[in-house]
Amino acid sequence: MYGLSTSFTAMAELQHHADQTSLPSTTSNISHHLTSLLLVTRGGSQPMPQIEQTVDSIYIKSAVGYFNNLRVPAAVLMSIIMKEMFALQTVPNEGMRSWDHEHGIDKSKRWRTLRYTYLLLMVLAFSLETNTIFVATQVLTSLATAQVNKPPDLPLGVEADKVGGIFNRRKEVPQSMVDFLITNYEFEYATVRFHFVTGLMSFTIAQALRVRYALRKYSDLSISGMCCLLTVASGMLTYTNANTITYGGYSNLLRRQFQLSYNFIKTRIRSGPMSFVTAILAFLSLVYAVIGYFSPEFAYFEIDLEEEKKTNKRTR
């Protein structure tokens, strides 16, 4: 009886406060708390599941905003990359063409390497930003349905905690939006963060190479512009290492994203051939990138240069 009288006393005080403020939102919240308090007093349903559900709904709304804030700039950056991807592969104008021929730029291995490196960096940035948009869009659909899907069968020896992403669902109440995402959508969270930042840095480095090539006629200015953009790229990496939440730096974020991707593909191998195809294509991309870096196929440029020199000697 003492607990019941205390509850009704609290109800009276809250109602008096609501009459003084006359705010509809406050009255609604007070009515909700009064209902919960009355149910507890009468031994009815407990409010804790409702609190957990309310917390999840708040974090879901925040997560929707977070993924949208990554998806929109990624889409803008991807459209810029599509337009400028092959900028250095076009034939220069007549004045620059004669200058390149006079100074040996058109047959230089270093300048050809710079042009193709620019193209490859833009391809990498385009791929990463495209995947950022795709993953963010898919996880937004999952957040809208407020459902967490699990794979039909996990291979033996693979624990749910190591799969990450939408395959891992714990029952603890999250303490923040980041905690909520790591608990329920770690694969998607780590993927969009890593791919967006890496794509942005690849784009910045590519633009530094473009400035170096576009102002090649003015060596000092071209080096100054290139160093300016490289400063921005290194500054982004420095800031990421200093302020990367939950992972402790860019390298740890990369390592965690690779681990989650590996576990994601491994758990889906039995579901169909696309996981296997994805793994093979990713492996071939890395292998041929390493081969092309250590042994670029630029020998024919030197052969063409020697043949051109012989032809010039004959004409003289």
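The structure this text deals with has already been given above.
Cut-offs and rules
Residues numbered from 1 in each chain as written. Predicted model: local features only at pLDDT ≥ 70, side-chain atom pairs only at ≥ 80, totals over all residues. Heavy atoms only, no water. Patch = residues over 30% accessible without salt bridge, like charges linked within 9 Å, V, L, I, M, F, W, Y side chains within 5 Å. Areas by Shrake-Rupley, 256 points an atom, 1.4 Å probe, with all protein chains shown as cover. Salt bridge = Lys/Arg side-chain N within 4 Å of Asp/Glu carboxyl O. Helix = DSSP H or I, 4+ residues; strand = E, 2+ residues; numbered from the N terminus. Buried < 20%, exposed > 50% of the residue type's maximum accessible area, 1.4 Å probe, protein only. Axes fitted to C-alpha atoms, helices over the stretch in contact; angles between N-to-C directions. Parallel < 35°, antiparallel > 145°, perpendicular 65-115°, else oblique. Left-handed = near helix turned anticlockwise from the far one by under 90°. Nonpolar A, V, L, I, M, F, W, Y, C, P; charged D, E, K, R; others polar. Polar contact = N/O pair within 3.5 Å; in protein donor to acceptor, adjacent residues only side chain to side chain. Disulfide = S-S within 2.5 Å. Core = buried A, V, L, I, M, F, W, Y, C linked by side-chain atoms within 4.5 Å. Contact = heavy atoms within 4.5 Å. Expected span 1.5 Å × (residues − 1). Phe/Tyr/Trp six-rings, centres within 6.5 Å; stacked < 30°, edge-to-face > 60°. Lys NZ or Arg CZ within 6 Å of the ring centre and 35° of its normal.

(A) Representation of a nonpolar patch on the surface in the model. A surface patch of nonpolar side chains, amounting to about 990 Å² of accessible area, comprises Ile 269, Met 274, Phe 276, Val 277, Ile 280, Leu 281, Phe 283, Leu 284, Tyr 288 and Ile 291. Looking at the secondary structure, you find Leu 284 in helix 11 (residues 274-294). For Leu 284, a relative accessible area of 35% puts it in the partly exposed group.

(B) Spotlight on the packing of helix 5 (residues 109-145) against helix 8 (residues 186-214). At their nearest, the axes of helix 5 and helix 8 sit 8 Å apart, and the two run at 155° to each other. One way to sum up the angle between helix 5 and helix 8 is to call them roughly antiparallel. Here helix 5 runs over helix 8; the crossing is left-handed. Classifying every residue of the contact of helix 5 with helix 8 gives 19 nonpolar, nine polar and five charged.

(C) Molecular detail of the environment of Thr 137. Along the polypeptide, Thr 137 turns up in helix 5. A residue is classified by how much of its surface remains accessible, and Thr 137, at 27% relative accessible area, is partly exposed. Sequence-wise, Thr 137 and Phe 67 are 70 residues apart; in three dimensions their C-alpha atoms are separated by 7.9 Å. A polar contact of 2.7 Å, which involves the side chain of Thr 137, links it to the backbone oxygen of Ile 133.

(D) Inspection of the state of the cysteines at higher detail. For the structure shown, the criterion picks out zero disulfides. Cys 228 supplies the cysteine sulfur nearest to Cys 227, a cysteine that is in no disulfide, at a spacing of 8.9 Å. On the basis of relative accessible area, Cys 227 is assigned to the partly exposed category, the value being 38%.

(E) Quick peek at the pattern of salt bridges. Inspection of every chain in the model, using the stated rule, returns two salt bridges. We note a salt bridge from Arg 210 to Glu 84, for which the minimum N-O separation is 2.9 Å. With Arg 210 in helix 8 and Glu 84 in helix 3 (residues 48-84), this residue pair connects regions lying 126 residues apart in the sequence. Accessibility expressed as a relative area gives 24% for Arg 210, which makes it partly exposed. Put simply, Arg 256 and Glu 186 hold a salt bridge, and the shortest N to O gap is 2.8 Å. Of this pair, Arg 256 sits in helix 10 (residues 250-268) while Glu 186 sits in helix 8; the two residues are 70 residues apart in sequence, bridging distant segments of the chain. Taking the relative accessible area as the measure of exposure, Glu 186 reaches 6% and is therefore buried.

(F) Up close: the nonpolar core. Within the largest apolar cluster, 30 residues are counted, with the highest numbers of intra-cluster contacts made by Phe 67, Leu 143, Phe 180 and Leu 181. Of all the elements in the fold, those that place two or more residues in this core are helix 3, helix 5, helix 7 (177-184), helix 8 and helix 10. Apart from the residues lying within four places of it in its own chain, the contact partners of Leu 181 are Ala 63, Tyr 66, Phe 67, Glu 186 and Tyr 189. If you look at the next biggest cluster of nonpolar residues, it comprises 18 residues, including Met 96, Trp 99, Ile 105 and Ala 125.

(G) Inspection of helix 8 at higher detail. Taking 1.5 Å per residue as the helical rise, helix 8 with its 29 residues ought to reach 42 Å, and the 42 Å between its terminal C-alpha atoms agrees with that figure. Burial of helix 8 is extensive: 23 of the 29 residues sit out of reach of the surface.

(H) View of the packing of aromatic side chains. Following the criterion strictly, the structure yields nine aromatic pairs and no others. Ring centres 5.6 Å apart and planes at 35° place the aromatic pair Phe 194 and Tyr 250 in the tilted group. With Phe 194 in helix 8 and Tyr 250 in helix 10, this residue pair connects regions lying 56 residues apart in the sequence. For the cation-ring pair, Arg 216 lies above Tyr 213, with the distance from its terminal atom to the ring centre recorded as 4.0 Å.

(I) Summary view of the side chain of Thr 267. With respect to the secondary-structure elements, Thr 267 resides in helix 10. Here the side chain of Thr 267 touches Phe 264 through a polar contact of 2.9 Å, landing on its backbone oxygen.

(J) Focus on the side chain of Arg 216. With respect to the helices and strands, the residue Arg 216 is situated in the loop between helix 8 and helix 9 (219-243). For Arg 216, the side chain forms a polar contact with the main-chain oxygen of Tyr 213, separated by 2.6 Å. Other than its neighbours up to four places away in sequence, Arg 216 contacts Pro 92, Met 96, Trp 99, Asp 100, Ile 105, Trp 111 and Ser 222.

The values reported here are purely geometric and, on their own, carry no functional implication.
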